[in-house]
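Tertiary structure, described
Read off the chains here:
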Amino acid sequence: MPMRAIKESATLPELTPDDLSRYSRHLILPEVGMEGQRRLKAAKVLCVGTGGLGSPLAFYLAAAGIGTLGLVDFDVVDASNLQRQIIHSTKDIGRKKLDSAEEKLKALNPALNVVKHETMLTSANALEILKDYDVVADGTDNFPTRYLVNDACVLLGKPNAYGSIFRFEGQCSVFAAEDGPCYRCLYPEPPPPGLVPSCAEGGVLGILPGLVGVMQATEVIKLILGKGEPLIGRLLLIDALNMRFRELKLRKNPECPVCGTNPTVTQLIDYQQFCGITAAAQQEANLKNGIPQISVQELKRRIDAGEDVQLIDVREPWEAQIAQIGGKLIPQNDVPNRLAEIDRDREVVVHCKGGGRSQRIAEFLRQQGYERVANLAGGIGAWSNDIDPTVPKY
Amino acid sequence: MTIIIPTPLRQYVGGQSKIEVAAPTVKGALDALTLERPELRKHLFNAEGKVRAFVNVYLNDEDVRYLPQKEDSAVMENDTLTIIPSIAGGLQLSALSLQSSAGTADLELRA
């Protein structure tokens, strides 16, 4: 008997005349029918992330007649997203992903109730956010959030339609269903930071999240309808380059720390720490050729705290005319002749547009005997994204 | 037998997606695979020589951890061993701002 995410209830919403025409191709399917469509209308689904996986996932769920769609994201649309995040358009660059996604979803289906959670999912808010939903679809991009979503789903008893992608390869399953295995049964421990490259580092075929996100959507719909065979206890592997699909058996691990018979994880934990992303590891991971990489958040914190930071901007004058964040402008090629203007006794933070040129100059300064030199990771672009959106992007 | 190499590990095997080895057991096959590939070995095994907890090894469609003889399970010529590492991708890196920013810098450096 397939599981059903929506419990039997006499209070399923009625379908309106508009619904009847909109969903007519569903209504004539015996597996959906009137009752199934009413279940979809009653359903509340949470999409964690509105990126590569979340775009097709949310689109199809909205089209299918899901009543309430929750979206979790705090990012803004970047030009590099558009190769795969089809819910966002060129005109949305710089706009909040949640607003962009809501507009497209409501245009597709005005009856849809969109709930926007503009936040990073954390141990402090995950249970509160997830508890109102029937099914969760995890389309995140990092291990701490994967484990967080998994554990929250297990603790709350919510099934998780899981999808994950890398380059040409995808994985799909349904975790945390009643009696089914969870993500931790498959991966008890995360890989150490830096061992597994991210999509930003390793790249991803733009179409692949389309394939995998639509599979997640399919599983969500099946869970709500209670029809078919959900991917519970099965891991589907997608190799888009060779177009091969394989299926592996997943077992519920009786010793699983969260869903096993004697769980040791009974509340949400510190997932950054669990994934080895401690302050020390973060610092180590953020050394590049011996140069510390500081984030824009860290720089902002130091400036706000009144710490002595000598910010050197190594971009060209024309760039500084477009946007600046208060660094002393010494274009990269002038640096060797203008070392006298950079105080050796103070900490130096070098920045440019994206963090590339400034890294080379930071390495150069180190060779010149500067002891405290850091590179601003992501440069002024990251500053504009994460700290001050009024700083123009170029 | 055939060992299927997942995308993240292909860089350690010259980009191959499959490798044929001859070995009597799962353990033997993994040893044969990594004998002359120390970098790959480091990714698959910990210092004590155990398969790392975030790497799953499947003999055909079954998790080796759940086979009665685990890594000592016998393998036949037609069997397939699949290595399944964790992948986290889904959307643009954003939740981990430090890593995200470093990744962006990386891309720009290469560009």
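**Section: the overall build of chain A**
Each helix and strand in chain A was counted, giving 16 helices and 14 strands. Along the longest, intermediate and shortest principal axes, the C-alpha atoms of chain A span 80 × 50 × 45 Å. Long-range contacts, defined here as pairs at least 24 residues apart, represent 68% of the contacts in chain A between residues at least 6 apart.

**Looking at the pairing of strand β14 (residues 373-376) of chain A**
Residue and element names in this part refer to chain A. Here β14 shows a buried face lined by V373 and N375 and a second buried face lined by A374 and L376. In the sheet, strand β10 (residues 291-294) pairs with β14 via two bridges, with the strands oriented parallel. The residue of β14 that forms the bridge with Q293 is N375. Relative to β14, strand β13 (residues 348-351) runs parallel, the two being bridged by three bridges. Residue pairing in the sheet places V348 in a bridge with V373 of β14. What joins β13 to β14 is helix α15 (residues 356-367), and the crossover it makes is right-handed.

**With respect to the packing of helix α4 (residues 54-64) of chain A against helix α5 (residues 97-108) of chain A**
All names here are of chain A. In the contact formed by α4 and α5, the axes pass within 9 Å of each other and the chain directions differ by 30°. Judged by the inter-axis angle, α4 sits roughly parallel to α5. Here the hand of the crossing between α4 and α5 comes out right-handed. Contact residues: A58, F59, A62 and A63 in α4; A101, L105 and L108 in α5. Class assignment for the residues of the contact of α4 with α5 results in seven nonpolar, no polar and no charged.

**Notes on the environment of Q332 of chain A**
Residues and elements named next belong to chain A. Here Q332 is to be found in the loop between β12 (328-329) and β13. The sequence separation of Q332 and R360 amounts to 28 residues, and the corresponding C-alpha distance is 9.0 Å. In this structure Q332 touches V314, R357 and I361, once residues within four positions along its chain are discounted.

**Considerations on the nonpolar core**
Residues and elements named next belong to chain A. Core analysis: the largest hydrophobic core is formed by 89 residues, its most contacted members being V45, A58, L61, A137 and V220. The greatest single-element share of this core, amounting to nine residues, is contributed by helix α10 (residues 208-225). Not counting residues up to four positions away in its chain, the partners in contact with L61 are V45, I66, L69, A217 and V220. Counting residues in each nonpolar core, the second largest holds 23 residues, with I294, V296, L365 and A377 among its members.

**Brief notes about the sheet that holds strand β7 (residues 234-239) of chain A**
Residues and elements named next belong to chain A. Taken together, eight strands build an open sheet; the order of strands is β3-β2-β1-β4-β5-β6-β7-β8 and the sheet is mixed. At either margin of the open sheet sits one strand with a lone partner, and together these are β3 (113-117) and β8 (244-249). On average, each strand axis in the sheet is tilted by 15° relative to the strand beside it, whichever way the strands run. Across four bridges, strand β1 (residues 44-48) lies against strand β4 (residues 135-138) in parallel orientation. Looking at β4, one finds that V48 is bridged to D138. Here α10 sits on the sheet and contacts β1, β4, β5 (160-166), β6 (169-175) and β7; the angle it forms with β5, its principal contact strand, is near 170°.

**Brief notes about the domain arrangement of chain A**
Interfaces are often sized by the accessible area lost when the parts come together. In terms of domains, chain A is made up of domain 1 (17-274) and domain 2 (286-386). Just the C-alpha atoms count here: the centres of domain 1 of chain A and domain 2 of chain A sit 39 Å apart.

About the criteria used
Residues numbered from 1 in each chain as written. Chains lettered and ligands numbered in written order. Predicted model: local features only at pLDDT ≥ 70, side-chain atom pairs only at ≥ 80, totals over all residues. Helix = DSSP H or I, 4+ residues; strand = E, 2+ residues; numbered from the N terminus. Contact = placed C-beta atoms within 7 Å. Buried ≥ 20, exposed ≤ 12 C-beta atoms within 10 Å, placed from the backbone. Pairing = 2+ DSSP bridges. Right-handed = clockwise from strand over helix to strand, strands pointing away. Axes fitted to C-alpha atoms, helices over the stretch in contact; angles between N-to-C directions. Parallel < 35°, antiparallel > 145°, perpendicular 65-115°, else oblique. Left-handed = near helix turned anticlockwise from the far one by under 90°. Nonpolar A, V, L, I, M, F, W, Y, C, P; charged D, E, K, R; others polar. Core = buried A, V, L, I, M, F, W, Y, C linked by C-beta atoms within 7 Å. Domains from an automatic or database assignment.

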